[in-house]
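Residues per chain, in single letters:
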Amino acid sequence: MPEFKLPAIGEGVVEGEIVRWLKQPGDAVSANEAIVEVMTDKATVEIPSPRDAIVQEIVAAEGTIAAVGEVIALFGDSAVVPASKPTPAAPPPAPAPISPAAAPVAAAPTNGAGKVLATPAARAHAREHGIDLAAVSGDRGRVTKADVLRAQATPTPTPTPTPTPTPTSAPAVAQAPAPAPTPVVRRDLGAPAADETIPFRGMRRIIADGLKKSYSTAVHYTYVEQVDVSKLVEVRKQAKNAAAEQGVALSYLPFIVKAVVLALKRYPIVNAELDEANAQVIVRKRYNIGIATATDNGLMVPVLHDADRLSLLDVAREIDRLSNAARAMKASRDELTGSTFTITSLGAIGGVLATPILNYPEVGILGVHAIRKTPVVDDNDNIVIGHLMNLSVSLDHRVVDGFEGASFLQEVRRYLEDPTLLLLAGI
Amino acid sequence: MSVLTSLSEMMAQLLREDRRRVVLGEDARDGGMLGLSRTCIADGTLRERVIATPLSPTTAVAHAAGLARGGARPILVFASPLGLLEGLAGLREAARLGWRTGQSAAVPLLMVTPSGPGFGLGEEAAEAIEATLARVPGLRVLCAGQPAEAAAWLHAAAQLDDDDAVPTVLVLPRRVLLADTDEALPDLGRACTSAARIRDGQAATVFAWGETVQVALDAVAHAQIDAAVVDVGCLAPLDAATLVAEAKATGKIVIAHAGPAAGGLGAELAALFADQAILHLDAPITRVTGADAPLSAALEAQAVPTVARVAEAIAHVANY
């Protein structure tokens, strides 16, 4: 029987997680038609079928990690659905026995938009008996009435109701007529909702694996500085309109990216990685800035490649394009890898300080916090309204000592407090 | 006994049972091309009620319909379904005569025609005449299935009493005509206007008629699946109540019939089930039919689905 192996997806990719099978056993798939979604690093790619075939069996279930070259599915030879292929010598098998031993484990097959694929008879029976179709497994890619009957015969354990707290009666102490404590009454809101279980796989697991490696490998320390960005606020206010005329919504982030790149050039050790295996520190000469982006699927870090070669407006355009692509899960593998330093910014909810986790194997990550109006003592000892913003930089102490780390952040601060310097640096 | 012999004898019996009955057809005085009037001709008391018609089907239908209006009980025998297609104009008039006259004009006319492959003719033998006839308003269309019941179908179809004098076509599949039967049943044991379950089963239901009834029974045995078989029998008007009840029983439906799938009565049944049994359907309604193409004489057998294909369909829906 022909085997379908996980193909080489990209350079350096040795494994991928099976996110979703787009074809089920019995389905026909034509050459170059997408058959499975596989996630590598943080990019999800659709793998096409190499030829016309019938999916016979899925070997690697959704959620499993498969190595490149590993058999993930088996193809049938003929264009006949196996279950319905009669052989004159051996007649087709009788309908699958309805056995309570075959307890449903898999979730109900859906159309991809959450609607369970069930026959009308299965739907009618489930509705009549109050059975949740989503909890019925359909191992042939659909839920039939037999599946519902089987699920009905295997009752799911009902959650034990929490005992209603009864008011404790006062201890029977004759000589102490202490007032009975007021019983604590909980409002009756019905049975508490059952805990929700979220599968730990896909993006969530990849994010977790990356962070675990980073946190357990790098020696993190975080250094925080307050930056008076009053001048930058003015500059940006003016530049914003000019940028809008060119169709760019100019935020503070492009300025920060530029300041970071200039600071990295001065303190190259922050734009580096530790190659422990070869006992060497690799100092990167490209300035690829990862932009941590919150998406519906979790944290993603699209990469602004060669940020030093982009104009301020092009940095803004690229950040916009990349974050949109990441949110739409459309970012390519190249756009999600190769960063040398990462910036994480939560904008308006940026808070006061944070301890960012390094985007391993990078040695530096900059956390950007909210800009707040704050009373500031100026050079003439007058109290004025300043726009203050905190920056938190986390560094890998194995590579970057406190002095270099602090110096790096002070350099970033210097550029942000005096945008003229940015101008002179030729952004 | 051959089915043809049983039919010939039944024809004579019908003439003996009711003196108003007459048999018409090309070469009918010579026993007819199918030999259905042979016993009548051999019986001197019946011979005078066998009438030869000219080679003009429209004329023959008009003649027979006139006899029916005049109080006779004509049985018009065609040598080929092409006669009914050629005589379609007369047939349509005969079928709506009752309606045209406010049901005051009963038309107790029975027409009998062979259909489908079996004689090595090809061409029209690959068509499903019943699908065309079923669309003629006012016409009752019956189709004999099991060989043992062929004569009983003829007997039942001829019972066109005054309160049920509906112009009727009885389709006799050629494969059924050519079969032998150990025991020709004298009576159908049910109304000819009813569908009937002829094999019980829980895993699926096969709807068939005509020569495909036997194919369906063989396919169930071949597939070794506990499937029911329903002989649809009356193709127009359909016995919707029985058919829907049978469809609901298993919710896994195979429809097998001769002739093309496109525009066939299988589609009509599928639509009926989708309409009235939707909440009971547990698998795609699966049709197995003859080829959707003209067929030469050598290939005419392809006008009827094979046992293997029907068995495959049964397994498909049963294991869906």
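### Section: the overall build of chain B
Next, step 1: A count of helices and strands for chain B gives twelve helices and twelve strands.
Next, step 2: If you line up chain B on its principal axes, its C-alpha atoms span 60 × 45 × 35 Å.
Next, step 3: With 320 residues in all, chain B has 57% of them scored as buried.
Next, step 4: Across chain B, contacts joining residues at least 24 apart in sequence account for 80% of those joining residues at least 6 apart.

### Remarks on the sheet that holds strand S8 (residues 71–76) of chain A
All names here are of chain A.
Next, step 1: One open sheet accounts for four strands, arranged S1-S8-S6-S3; its pairing is antiparallel. This sheet does not close on itself; its edge strands, each paired only once, are strand S1 (3–5) and strand S3 (28–29).
Next, step 2: In this structure, S3 lies alongside strand S6 (residues 53–58), joined through two bridges in antiparallel fashion. By the bridge assignment, Ala28 is partnered in S6 with Ile54.

### Observations concerning the packing of helix H3 (residues 57–69) of chain B against helix H5 (residues 88–100) of chain B
Residues and elements named next belong to chain B.
Next, step 1: Orientation of H3 relative to H5, taken along the N-to-C sense of each, is 20°, at an axis distance of 8 Å. Regarding the angle of H3 to H5, the classification is roughly parallel. Facing H3, whose interface residues are Thr58, Val61, Ala65 and Arg69, H5 presents Gly90, Leu91, Ala94 and Leu97.

### Section: the pattern of salt bridges
Next, step 1: Applying the stated criterion across every chain, the model contains 28 salt bridges over all chains.
Next, step 2: We note a salt bridge from Glu234(A) to Lys237(A), for which the minimum N-O separation is 3.7 Å. Taken together, the residues Glu234(A) and Lys237(A), both in helix H4 (residues 230–245) and three residues apart, mark about one turn of the helix.
Next, step 3: Arg197(B) serves as the salt-bridge partner of Glu246(B), at 2.7 Å between the closest nitrogen and oxygen. Here the residue Glu246(B) occupies a position in helix H10 (residues 240–250), and Arg197(B) occupies one in strand S7 (residues 196–199), the gap between them amounting to 49 residues.

### Quick notes on the domain arrangement of chain A
Residue and element names in this part refer to chain A.
Next, step 1: In terms of domain boundaries, chain A breaks down into domain 1 (3–83) and domain 2 (212–424).
Next, step 2: A separation of 39 Å is found between the C-alpha centroids of domain 1 and domain 2.
Next, step 3: Between domain 1 and domain 2, the contact holds eight residues from the first and nine residues from the second.
Next, step 4: Carbon and sulfur atoms make up 55% of the surface buried where domain 1 meets domain 2, a total of about 590 Å² over both sides.

### Things to note about the packing of aromatic side chains
Next, step 1: Inspection of every chain in the model, using the stated rule, returns three aromatic pairs over all chains.
Next, step 2: Where Phe4(A) meets Phe75(A), the ring centres are 5.4 Å apart and the plane angle is 15°; that geometry is what we call stacked. Highlighted residues: Phe4(A) in strand S1 and Phe75(A) in strand S8, separated in sequence by 71 residues.
Next, step 3: Judged by its relative accessible area of 3%, Phe4(A) falls in the buried class.
Next, step 4: Ring centres 4.8 Å apart and planes at 40° place the aromatic pair Phe207(B) and Phe273(B) in the tilted group. In this pair, Phe207(B) is assigned in strand S8 (residues 204–208) and Phe273(B) in helix H11 (residues 265–276), connecting sequence segments 66 residues apart.
Next, step 5: Since its relative accessible area comes to 0%, Phe207(B) is described here as buried.
Next, step 6: On the basis of relative accessibility, which here comes to 0%, the residue Phe273(B) falls in the buried class.
Next, step 7: The side chain of Arg414(A) reaches across the aromatic face of Tyr415(A), ending 5.3 Å from its centre.

### As for helix H9 (residues 212–223) of chain B
All names here are of chain B.
Next, step 1: Across its twelve residues, H9 extends 16 Å between first and last C-alpha, which sits within 8% of the 16 Å expected from 1.5 Å per residue.
Next, step 2: Among all positions of H9, only Thr212, Val213, Val215, Ala216, Leu217, Ala219, Val220 and Ala223 are buried.
Next, step 3: Check the buried side of H9 and you find it contacts S7, S8, strand S9 (227–231), strand S11 (253–257) and helix H12 (307–318).
Next, step 4: Just beyond H9, the residue with positive phi is Gln224, at close to 55°.

### Some words on H5(B)
Residue and element names in this part refer to chain B.
Next, step 1: Relative to the 18 Å expected for 13 residues at 1.5 Å per residue, H5 spans 17 Å between its end C-alpha atoms, a close match to the ideal helical length.
Next, step 2: At Ala94, H5 shows its maximal bend, which comes to roughly 25°.
Next, step 3: Where H5 is buried, its residues meet H3, helix H4 (81–86), strand S4 (110–115), helix H6 (129–133) and strand S6 (168–173).
Next, step 4: Once H5 finishes, Gly102 follows within two positions and takes phi at roughly 65°, a positive value.

Reading the values: rules and limits
- Residues numbered from 1 in each chain as written.
- Chains lettered and ligands numbered in written order.
- Predicted model: local features only at pLDDT ≥ 70, side-chain atom pairs only at ≥ 80, totals over all residues.
- Heavy atoms only, no water.
- Helix = DSSP H or I, 4+ residues; strand = E, 2+ residues; numbered from the N terminus.
- Buried < 20%, exposed > 50% of the residue type's maximum accessible area, 1.4 Å probe, protein only.
- Contact = heavy atoms within 4.5 Å.
- Pairing = 2+ DSSP bridges.
- Axes fitted to C-alpha atoms, helices over the stretch in contact; angles between N-to-C directions.
- Parallel < 35°, antiparallel > 145°, perpendicular 65-115°, else oblique.
- Salt bridge = Lys/Arg side-chain N within 4 Å of Asp/Glu carboxyl O.
- Domains from an automatic or database assignment.
- Buried area = accessible area lost by both parts, 1.4 Å probe.
- Phe/Tyr/Trp six-rings, centres within 6.5 Å; stacked < 30°, edge-to-face > 60°.
- Lys NZ or Arg CZ within 6 Å of the ring centre and 35° of its normal.
- Expected span 1.5 Å × (residues − 1).
- Bend = angle between axes of the 7 residues up to and from the residue.

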